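# Architecture at a glance
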Number of protein chains: 2
Amino acid sequence: MAKTQPESCGLGPAFQVIGGKWKALILWLVHTEPRRFGELKRLVPDISEKMLIQQLREMEADGLVHREVFHEVPPRVEYSATSLGQSLDDALVPLANWGKAHGAAIEARKAKVA
Amino acid sequence: MAKTQPESCGLGPAFQVIGGKWKALILWLVHTEPRRFGELKRLVPDISEKMLIQQLREMEADGLVHREVFHEVPPRVEYSATSLGQSLDDALVPLANWGKAHGAAIEARKAKVA
DNA sequence: ACAAGTACCTACAATTTTGTAAGGTACTGA
DNA sequence: TCAGTACCTTACAAAATTGTAGGTACTTGT
């Protein structure tokens, strides 16, 4: 019975970069096409500007998203998924499918207990 | 727990049930063979008893783990993964692999910036 | 009697995460 | 000059998560 470290299954790092309340959703929105700041804000209406920029910066620091500034005349900033971000998104697909398949049942179970 | 967010993908429910700091690890430990409370405590040395029991109860309520009490003379309780828990564990494998593949690189990047 | 082991529970406090409100720059069109 | 859009920042506060320290009830070993 060897001692198990929290990192033994590789999930630690993954949750570290995608674990927040919004990051997975942002990555999902960004992974198909580049998105502008204001566009993301509209697509995730419940997020505050602070959280959005904070999450984007963290994901940028983790190498998941690429940030490109266009020095144009309405200034424009585009966020897109890097290849690392794409690979993470791919890895999240089975989890998303699981959620789609079983999420409703779990919600129902919780509602019944409460 | 925070309010449910826009569910363009099924990740919301999934993160709801394994989102914590310990749940994924506990599920991972429990998914191969039944584990006793004290055994889990030893396997995850940094967790407090309170957190362990709390997470186990939540996962039980979510239908991920099965709890079986043996009315024996040293009292014994065994936790094992349900089929739902197994399916979630399967869905987490790609994410774990991603973490194993890229976790070190991300840590290194962060260390360099700091 | 009393320490030690098993499986919990409860009150409270620290930590981390998320949110609110208010700005600030830079440019445009009226 | 004034309002408006876009992008971002900061100070502060609420909320969620996690941790600490103690306790219960039971039984075996010394």
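Residues numbered from 1 in each chain as written. Chains lettered and ligands numbered in written order. Predicted model: local features only at pLDDT ≥ 70, side-chain atom pairs only at ≥ 80, totals over all residues. Heavy atoms only, no water.

Between the two copies of this chain, the relationship is a rotation about some axis together with a displacement along it. Here chain B sits on chain A after a turn of 180° about the axis and a move of 0.1 Å along it, with an RMSD of 0.1 Å. As the rotation angle and translation indicate, the two copies are arranged about a two-fold axis. Take the interface residues of chain B: 86% of them recur as interface residues in chain A, which is what a same-surface contact looks like. (Least-squares fit on C-alpha atoms with pLDDT ≥ 70 in both. Contact = heavy atoms within 4.5 Å.)

Close contacts around DNA strand D come from 22 residues, with Glu49, Arg67 and Tyr79 of chain A together with Lys21 and Lys50 of chain B the closest. Among the atoms of DNA strand D close to the protein, meaning within 4 Å, 67% are from sugar or phosphate groups. Note that a phosphate oxygen of DNA strand D is positioned 3.2 Å from one of the side-chain N or O atoms of Arg36 of chain A. Taking Lys21 of chain B, its main chain carries an N or O atom lying 2.8 Å from a phosphate oxygen of DNA strand D. Residue assignment for the surface near DNA strand D shows that the elements contributing at least two residues are helix 3 (37–43), helix 4 (49–61) and strand 3 (76–81) of chain A together with helix 4 (49–61) of chain B. Across the surface near DNA strand D, the residue classes break down as nine nonpolar, five polar and eight charged. (Near = heavy atom within 4 Å. Polar contact = N/O pair within 3.5 Å; in protein donor to acceptor, adjacent residues only side chain to side chain. Helix = DSSP H or I, 4+ residues; strand = E, 2+ residues; numbered from the N terminus. Nonpolar A, V, L, I, M, F, W, Y, C, P; charged D, E, K, R; others polar.)

Time to look at the interface of chain B and chain A. Taken together, the contact between chain B and chain A spans 44 residues of the former and 42 residues of the latter. At the boundary of chain B with chain A, total buried surface from both sides reaches about 4,000 Å², with 73% on carbon and sulfur atoms. Contact with chain A buries surface across chain B, with Phe15, Leu95 and Trp98 of chain B losing the most and accounting together for 15% of the total. The interface formed by chain B and chain A holds zero salt bridges in total. Our count for the chain B to chain A interface comes out at two residue pairs in polar contact (both at pLDDT 80 or more). Among the elements of the structure, helix 1 (11–18), helix 2 (23–30), helix 3 (37–43) and helix 5 (83–113) of chain B are those that each provide at least two residues to the side of chain B that touches chain A. The biggest single contributor to the side of chain B that touches chain A is helix 5 of chain B, with 17 residues. (Buried area = accessible area lost by both parts, 1.4 Å probe. Salt bridge = Lys/Arg side-chain N within 4 Å of Asp/Glu carboxyl O.)

Looking now at the packing of helix 1 (residues 11–18) of chain A against helix 2 (residues 23–30) of chain A. Two quantities define a packed helix pair, namely the angle between the axes and the distance from one axis to the other. Residue and element names in this part refer to chain A. It is the contact of helix 1 with helix 2, at a shortest axis distance of 8 Å, that shows an interaxial angle of 75°. As summarised for this structure, helix 1 and helix 2 are arranged roughly perpendicular, according to the angle between their axes. Contacts between helix 1 and helix 2 pair Gln16, Val17 and Ile18 from the former with Lys23, Ala24 and Leu27 from the latter. Of the residues in the contact of helix 1 with helix 2, the class split is four nonpolar, one polar and one charged. (Axes fitted to C-alpha atoms, helices over the stretch in contact; angles between N-to-C directions. Parallel < 35°, antiparallel > 145°, perpendicular 65-115°, else oblique.)

Tallied over the entire structure, the rule returns one aromatic pair over all chains. Note that Arg76 of chain A overlies the ring of Phe70 of chain A, its terminal NZ or CZ placed 4.1 Å from the centroid. (Phe/Tyr/Trp six-rings, centres within 6.5 Å; stacked < 30°, edge-to-face > 60°. Lys NZ or Arg CZ within 6 Å of the ring centre and 35° of its normal.)

With that settled, consider the UniProt feature "domain: HTH hxlR-type" (unreviewed entry) in chain A. Within the UniProt annotation, "domain: HTH hxlR-type" (unreviewed entry) is assigned to residues 9–107 of chain A. Counting secondary structure, residues 9–107 of chain A comes out at 62% helix and 14% strand; the distance between its end C-alpha atoms is 27 Å. (UniProt positions renumbered as here; feature names shortened; annotations may be inferred.)

This prediction gives chain A a mean pLDDT of 84; 89% of its residues lie at or above 70. Confidence over residues 1–7 of chain A falls short of pLDDT 50; this stretch has eleven contacts with residues more than four positions distant or in other chains. (pLDDT = per-residue confidence, 0-100.)

Evaluated as defined, the whole model comprises one cavity of 30 Å³ or more. Its boundaries defined by the atoms lining it, the largest cavity holds a volume of some 30 Å³. Broken down by secondary-structure element, the contributors of at least two residues to the lining of the largest cavity are helix 5 (83–113) of chain A together with helix 1 of chain B. Each residue belonging to the lining of the largest cavity can be placed in one class, and the counts come to five nonpolar, two polar and one charged. (1 Å grid on protein atoms, 1.4 Å probe; cavity = no way out; pocket = protein on both sides within 12 Å on 5 of 7 lines; lining within 4 Å. Points joined across faces, edges and corners; volume = space filled by probe spheres on them.)

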